[in-house]
Number of protein chains: 2
Amino acid sequence: MKKNFLGYFLIFFSCATIAQNQAIDYVNPFIGTSNFGTTNPGPIAVRGMANVSPFNVAGSQNLPLEKDSRWFSTPYVHENKFLTGFSHVNLSGVGCPELGVILAMPTTGELETDHEKYGSTYSDEIAKVGYYSSQLDKYDIKVEATATTRTGVSKYSFPAGKANILLNLGLGLTNEQGAQVKIVSPTEIEGVRSVGSFCYYKPEEAYPVYFVAKFSEPASSFGTWKKPTTYKGVEAQWMGYNGKTRLMEGFTKTVVGDSIGAYMRYDFKIPTQVEMKIGVSYVSIENARENLEKETAGKSFDDIKAATQQEWNQYLSKIEVEGGSQDDKTIFYTGLYHTLIHPSTLNDINGEYPKMRTRETLKTDGTRYTVFSFWDTYRNLHQLMSLVYPKQQSNMVKSILQIYDESGWLPKWELNATETTTMVGDPAGIVLADTYLKGIQDFDVEKAYEAMVKSADQLENNPLRPGIKDYIEKGYLTTKTINSGSVSTTQEYNISDYAIAQLAKALGKKEDYKRFSKRSLSYRKLFDNEFNLLRPKNDDGSWLTPYNPETGANFVKNLGFIEGNAWQYTFMVSHDAKGLMKLMGGGKAYSKQLQNVFDKNQFDMANEPDIAYPYLFNYVKGEEWRTQQTVSDLLQKYFKNSSDGLPGNDDTGTMSAWAVFSMMGIYPVNPAQPIYALTRPKFEKITIHLDAEYYTNQKVVISTKLGETKAAIGNIFIDGKKHNSYFLSHQKLTNSKTVEFR
Amino acid sequence: MKKNFLGYFLIFFSCATIAQNQAIDYVNPFIGTSNFGTTNPGPIAVRGMANVSPFNVAGSQNLPLEKDSRWFSTPYVHENKFLTGFSHVNLSGVGCPELGVILAMPTTGELETDHEKYGSTYSDEIAKVGYYSSQLDKYDIKVEATATTRTGVSKYSFPAGKANILLNLGLGLTNEQGAQVKIVSPTEIEGVRSVGSFCYYKPEEAYPVYFVAKFSEPASSFGTWKKPTTYKGVEAQWMGYNGKTRLMEGFTKTVVGDSIGAYMRYDFKIPTQVEMKIGVSYVSIENARENLEKETAGKSFDDIKAATQQEWNQYLSKIEVEGGSQDDKTIFYTGLYHTLIHPSTLNDINGEYPKMRTRETLKTDGTRYTVFSFWDTYRNLHQLMSLVYPKQQSNMVKSILQIYDESGWLPKWELNATETTTMVGDPAGIVLADTYLKGIQDFDVEKAYEAMVKSADQLENNPLRPGIKDYIEKGYLTTKTINSGSVSTTQEYNISDYAIAQLAKALGKKEDYKRFSKRSLSYRKLFDNEFNLLRPKNDDGSWLTPYNPETGANFVKNLGFIEGNAWQYTFMVSHDAKGLMKLMGGGKAYSKQLQNVFDKNQFDMANEPDIAYPYLFNYVKGEEWRTQQTVSDLLQKYFKNSSDGLPGNDDTGTMSAWAVFSMMGIYPVNPAQPIYALTRPKFEKITIHLDAEYYTNQKVVISTKLGETKAAIGNIFIDGKKHNSYFLSHQKLTNSKTVEFR
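About the criteria used
Residues numbered from 1 in each chain as written. Chains lettered and ligands numbered in written order. Predicted model: local features only at pLDDT ≥ 70, side-chain atom pairs only at ≥ 80, totals over all residues. Heavy atoms only, no water. Pairing = 2+ DSSP bridges. Helix = DSSP H or I, 4+ residues; strand = E, 2+ residues; numbered from the N terminus. Polar contact = N/O pair within 3.5 Å; in protein donor to acceptor, adjacent residues only side chain to side chain. Phe/Tyr/Trp six-rings, centres within 6.5 Å; stacked < 30°, edge-to-face > 60°. Buried < 20%, exposed > 50% of the residue type's maximum accessible area, 1.4 Å probe, protein only. Axes fitted to C-alpha atoms, helices over the stretch in contact; angles between N-to-C directions. Parallel < 35°, antiparallel > 145°, perpendicular 65-115°, else oblique. Contact = heavy atoms within 4.5 Å. Nonpolar A, V, L, I, M, F, W, Y, C, P; charged D, E, K, R; others polar. Least-squares fit on C-alpha atoms with pLDDT ≥ 70 in both.

A. Fine view of the sheet that holds strand 29 (residues 666-667) of chain B. What the 3 strands build is an open sheet, ordered 29-30-35 (chain B); its pairing is antiparallel. Each end of this open sheet is capped by a strand with a single partner; those strands are strand 29 and strand 35 (727-729) of chain B.

Given below as structure tokens:
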């Protein structure tokens, strides 16, 4: 790790001398904070566990974008203006409400613990990498925040007079309730908050997040509060306090309940700054305290902010871009920033982390990553990591195998050591194969292979592949097998089987290669010439009739497809583009039908199944210009330097990774095959610095002379030699000095 | 302590050789478990913090004596038959619902966590000192329980097959909610339960009780459960689990919430016994664990039971009785047993205990006692302690002074480091004076005196003496001063002032002696010749009119008197019996009016203000036989060897202390004056062993030849010399060898 750090450090310095602006200066953390991008502008360290997000989604003042008035999955939305605190653990770019807890709020005057009453509007909002600030209008308090990996750090500039800092453990984005709090001293509070049931699943795995808060100024007085549940027995008539908030001034023992909090009170003679650090852990209060101490002891707010920003710059500068507009650079680096938030860190600084589900304490050597939304990220985010941050990708793979060791199964949508079971398919294996085939092989590939085959072959009690019996016997799931997504799930299994086949081939397992290669093509049985699209089949092999291929767009439930329709899924077989072409009647027909997706307004930029579509034109000779035009149009239309600058949920960085790859002119069009489809880059010069631990080549430069024109790519030169394809292997890319689009 | 223990030990052995039956064999813990006695039959150590009470007051199956269907203040009532667990911290003989939490329940078969469903009837119920057992009908499980000071110990005899032990932290007698639980290992669970708001007061001081449970058999599997509060937002439509109990199998991290629990599961091949120990603490989980370890490590259930019973026998054998019926002995020793439950131990075995209200951790040298219901106990319980257990009484006084140090005020109704503010008056000082005047002086009497004077003199913000300005200016509280009890509170303040005067005299503070002596007689201004009773006065000095002296009995609210009426209060001026006589027109008139109380059915045996009345006849020469007859009748009528064998709430032992004194033929008729009124003892021979640390005389023997006849006392001989009074000073009693009633 030390050596590696030094590596980054040197790169950083060399970059710094080249670039006019630093990479971090181009990041706009407000991108994705409206239009349901569900990112937040709060500071976070690279893959941080802690994140100090302004919380402005509670209270009737924020209707219609109020957290309990709809399915709402972010602690912050740009349109809202009523802030009720700063939450210290948050998810970025997800589609379900979770975390958004441990809310801190500075106020002045008399203590008020009801967020509807203490909330405030704010102004002068600034968000940078590792830094956020705003002015709370009601209190004339300036709030600034930064973060280390596991600690949120805030600086409150109070005016003279009475002041309070609230830790509200009742309020939160999650719908889970339950907390514990204890005031340790006038400068320290510790506690626990329950979270869980992500996407309304697995309430039985709701789990605690532990925290310790330290304050730079000792409180002049302190206390806790509790709003108890309303007692309903006969004795209620004597309980004047029934269901009402109670203050427990000076109380220093454990308080437990659903709606509780703690406060520090001050009375400042002159305007005073208070720094508050909140360390978090998913293991224990002790670990939260150790995280806080080891990451922040002896460091001021400004020290921490500088260190976090420097770390970010080291990561972001692994890709340098030149040319392109200021907005393009902002969109690019903000996208790259979003891909470095999740997967995030689960383990404490001492290596401890909770075991899957039962949460016994385990210990890891490297980083145990979490927030694995594989149905999204298997398509491009991990490919970006393998290229630019292979050490992280290696650790992510190791985390996947830890999850397999602990739970017996590969993860699907893992969140803080719970398998949320959200979405479909068996995507983690695709990531394993893709990573290995890209030469990142410092993990137990035999175990990885075993895990992949297990979910591919186990017929009973298989949590990853429901309907597997039909899938193996018939080649597909039927409308009877599952109540939604029989076609799309078949496709997902096909892609996973393709990944197994590719890895089997690399490992010399010839029989498996054959078997899984064959299985990976079974979607073909669901191809219906009538529509030139995929179509669900019934249990008896007949087509689902009547059939309208448009049904299923915009999340309307659909028997054949999850979160999409036949248009949005049919081409999601990149691994068999040629096969699909044949079914459709050749390349022209394929290209025509693909173009229909866009022309008929069936393309959904905001959902994953079709996001590789724009690159599929490259499979048809002579149609590559459509890829270039479509990608360019989509980037223009959906990715902007504004709060609505993401097409929808960022999906833990998947949308952002799409933009980052697309702007570099390369896209991993077929997961588990180490190739990139090529398109026109957005910048004149893109330098990708490669990690010396995984790549022999120091860097590869992608350049173009196209400027801002929309002209199609003429020729591609690699290390000066003409490249006669619109695809490029990972090996060739990473071993080349230059890729020139002319 | 060691020396003292040895002392007890020797006494125990000497007793054991004399007595046929041991003292503990006469205790019937079922006495007081119906008729609202609110004692419970569960095992407890002498002044124990832990107590394993069968809990049979929850669930519709127990209506009408169901905890939430009425004001109900006990975890167990003899009439009920539906048991939902065993609570591990409980109050005995109180009038408000509190504690009754940390419920353990063994079951068999499939796990069920709803107490209405898992509850069971029971049979073969046995309760002895330090031991309880019953058979759970539904499960064929034999439950046995015993306790150390801070640990409840249970033995469950399971049949072969599936078995479960539940720790239900939602259910409880208290109306407070909120708990935390964590499974540490297959043999250990730790947690916290919120309790507080005793008598519906001070919700802001609700506080935690901590526990650690250890199991002799490792669970084959385990888990936690949680019934979350119902989420009411729009998202509820997607939360199929909303508000429903969830099992968290194998979960090992903190669970917090209002309705939670933990379970251990077993699958026994053969019938198997499991021992469960639950250590408790009001300081921390660590202390609960240390309490458990130090008190029970290496000891079996039977070892613990034997040690606890031996300790009880040592204490109970301090008084030996001979003659009298089996029932009399049972009533006597059960009464004595009840006086040794509260005040109970607050500090952990390491000396730590929570500071008043704010609950910072403090440390004590001796025992820090708690559960001080002084309005009840100042009248007789502490007098019994001073006589028989002076070391404990000394520690109780020191605890009072600790409370003063911590809170700035003497306690009134202190419970687990909260001043509940229940009841009226300023009673703790009376106990301080009484103790000192009896020669138990190993405490800081100057501090005690300072504390007493503080509440007697501070005019503003005086929590102990509301209305003190009127009291000092007018001599009494008026119907305007407070909304209830203006006369009775005046009387209480008079008695407290009398105690200050007595202590002032002993300490040579002559001015104070005069001042407070004078103040102690101000009740006289409320004496109304019209009724020959006390009567409330209005702010302008006029009598409250119209006036019905009967109003106020049976807890009907009354402007002049708290929990009583003029009949039940007028004579509650033992310190000025002669003065009252004069007001009433002499001894005969006094005696006649006193007899009227009984004849008019105005006497309430179950409430404190009038419990000394039967002894007041002694103040009138020639009327002493009325004392003897009345006491004898009351003992007969209200004190029985049956579950309804107490007249009402035991009031933390006050009713029991009345019976114990009365059966010995001595009664502390005037608190803060070290004298006893004499009556006919219930036993032929009563030996009181005196503590050598406080008394020079080893023992005093009270004897009577009256047997079972109702003949009045003829003569009293002390050490063979005729005693010409129906009063006897504490000094004379404790310095005598024999007191003979002939």
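Picking up where we left off.
B. How the structure looks around the pairing of strand 6 (residues 122-128) of chain A. Residues and elements named next belong to chain A. In this structure, strand 6 lies alongside strand 7 (residues 131-136), joined through 5 bridges in antiparallel fashion. Within strand 7, the position partnered with S123 by the bridge is Q135. Between strand 6 and the antiparallel strand that follows it, strand 7, lie 2 residues; G130 among them carries a positive phi value of about 70 degrees.

C. Structural view of the environment of T364(A). Residues and elements named next belong to chain A. Among the secondary structure elements, T364 is positioned in the loop between strand 22 (361-363) and strand 23 (369-370). Between the alpha carbons of T364 and T108 there is a distance of 44 Å; along the sequence they are 256 residues apart. At 3.2 Å, the side chain of T364 forms a polar contact with the backbone oxygen of G366. A distance of 2.9 Å separates a polar atom in the side chain of T364 from a polar atom in the side chain of Q402.

D. Fine view of the packing of aromatic side chains. Following the criterion strictly, the structure yields 63 aromatic pairs over all chains and no others. A ring pair is formed by F571(A) and Y613(A), whose centres lie 5.3 Å apart and whose planes are at 75 degrees; its orientation type is edge-to-face. In this pair, F571(A) is assigned in the loop between helix 14 (566-570) and helix 15 (577-584) and Y613(A) in helix 17 (residues 613-616), connecting sequence segments 42 residues apart. For the residue pair F571(A) and Y613(A), the accessibility class agrees, reading buried in each case. Measuring from centroid to centroid gives 6.1 Å for Y436(B) and F443(B), while their planes differ by 80 degrees, and the two rings are edge-to-face. Residue Y436(B) is classed as buried on the basis of its relative accessible area, which comes to 13%. F443(B) sits in the buried class, given a relative accessible area of 10%.

E. Spotlight on the packing of helix 7 (residues 381-388) of chain A against helix 8 (residues 390-407) of chain A. All names here are of chain A. Where helix 7 meets helix 8, the axes come as close as 6 Å, and the angle between the chain directions of the two elements is 130 degrees. Classed by the angle they form, the pair helix 7 and helix 8 counts as oblique. Residues H382, M385, S386, L387 and V388 of helix 7 form the contact with helix 8, whose participating residues are P390, Q392, Q393 and M396. Among the residues forming the contact of helix 7 with helix 8, the class breakdown is 5 nonpolar, 4 polar and no charged.

F. Up close: the pairing of strand 36 (residues 738-741) of chain B. Residue and element names in this part refer to chain B. Pairing analysis gives 4 bridges linking strand 32 (residues 699-704) to strand 36, with the strands arranged parallel. Note on strand 36: the bridge partner recorded for V701 is T738. For strand 33 (residues 716-718) and strand 36, the ladder comprises 3 bridges, and the chain directions are antiparallel. By the bridge assignment for strand 36, I716 is matched with F741.

G. Inspection of the relation of the copies chain B and chain A at higher detail. Taken as rigid bodies, chain B and chain A are interconverted by a rotation of 180 degrees and an axial shift of 0.1 Å, the fit giving an RMSD of 0.1 Å. Given the turn and translation reported, the copies of this chain are related as if by a two-fold rotation axis. Measuring from the rotation axis to each C-alpha of chain B, the shortest distance belongs to G257(B), at 2.7 Å. Looking at the interface residues of chain B, 100% of them are also at the interface in chain A, so both copies use one shared face.

So, to be careful, I would describe these as geometric facts and stop short of saying anything about function.
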